[in-house]
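Observations on the three-dimensional arrangement
One-letter residues, chain by chain:
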Amino acid sequence: MKKVILSMAAGALLMVSCGPKSTAVTGPKYTASEQLVQGKTIFENSCSRCHKLPDPAKHDDQGWVKTLSRMAPKAKLSDEQHQMVYDYLISVNKK
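Residues numbered from 1 in each chain as written. Predicted model: local features only at pLDDT ≥ 70, side-chain atom pairs only at ≥ 80, totals over all residues. Heavy atoms only, no water.

If you look the chain up in an unreviewed UniProt entry, it shows as Cytochrome c5 from Chryseobacterium shigense.

Now the structure itself:
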């Protein structure tokens, strides 16, 4: 019985530590330069707290949707901040 309880507690802890996936971004929304500058600032300040900043060219648009949906909750970004970071990344990633 102890093993079952410990197993359930470990599973719950894992779910909490991973956090919920954000679904705020489905495509571009902000295109004004002011909002893109805000997105860059949020990206640089929030993401660099935990790891080296990734190159925007690392992912295509859908790759950033997927990556940010996983990382935005960890960075405690609001939906609006999440969107601004996404829009900044895809704006500088255009080839």
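Now that the structure is up, let's keep going.
In this structure the tally under the stated criterion is one salt bridge. Glu44 is paired through a salt bridge with Lys40; the nearest N and O atoms lie 3.8 Å apart. Highlighted residues: Glu44 and Lys40, both in helix α2 (residues 33–47), separated by four residues, approximately one helical turn. (Salt bridge = Lys/Arg side-chain N within 4 Å of Asp/Glu carboxyl O. Helix = DSSP H or I, 4+ residues; strand = E, 2+ residues; numbered from the N terminus.)

On inspection of all chains with the given rule, the structure shows one aromatic pair. Relative to Tyr88, the ring of Phe43 lies with its centre 5.9 Å away and its plane at 40°, an arrangement referred to as tilted. Here Phe43, found in helix α2, pairs with Tyr88, found in helix α4 (residues 79–92); they are 45 residues apart in sequence, far enough to count as distant. Accessibility assignment for this pair places Phe43 and Tyr88 in one class, buried. (Phe/Tyr/Trp six-rings, centres within 6.5 Å; stacked < 30°, edge-to-face > 60°. Buried < 20%, exposed > 50% of the residue type's maximum accessible area, 1.4 Å probe, protein only.)

We now examine unusual backbone geometry. In the Ramachandran plot, Lys76 falls in the positive-phi region, its phi being about 60° despite a non-glycine side chain. Its location among the elements puts Lys76 in the loop between α3 (61–71) and α4. Since its relative accessible area comes to 70%, Lys76 is described here as exposed.

Tracing the chain through its elements places Cys50 in the loop between α2 and α3. Along the primary structure Cys50 and Ala75 are separated by 25 residues, whereas in three dimensions their C-alpha atoms are 8.6 Å apart.

For α3, every residue scored as buried is listed here: Gly63, Trp64, Val65, Thr67, Leu68 and Ser69. Put simply, Asp60 is the residue that caps the front of α3, since its side-chain oxygen is 3.3 Å from the backbone nitrogen of Gln62. (Polar contact = N/O pair within 3.5 Å; in protein donor to acceptor, adjacent residues only side chain to side chain.)

The next subject is α2. In a regular helix each residue adds 1.5 Å, so 15 residues correspond to 21 Å; α2 covers 21 Å between its end C-alpha atoms and thus fits that length. Within the span of α2, buried status applies to Leu36, Gly39, Ile42, Phe43, Ser46 and Cys47. Angularly, the buried residues of α2 cover 120° about the axis, an arc narrow enough to put them on a single face. Opposite the buried face of α2, at more than 90 degrees from it, the exposed residues are Ser33, Glu34 and Val37. Summarising the contacts, the buried residues of α2 are in contact with α4. (Expected span 1.5 Å × (residues − 1). Arc of directions from axis to C-beta. Contact = heavy atoms within 4.5 Å.)

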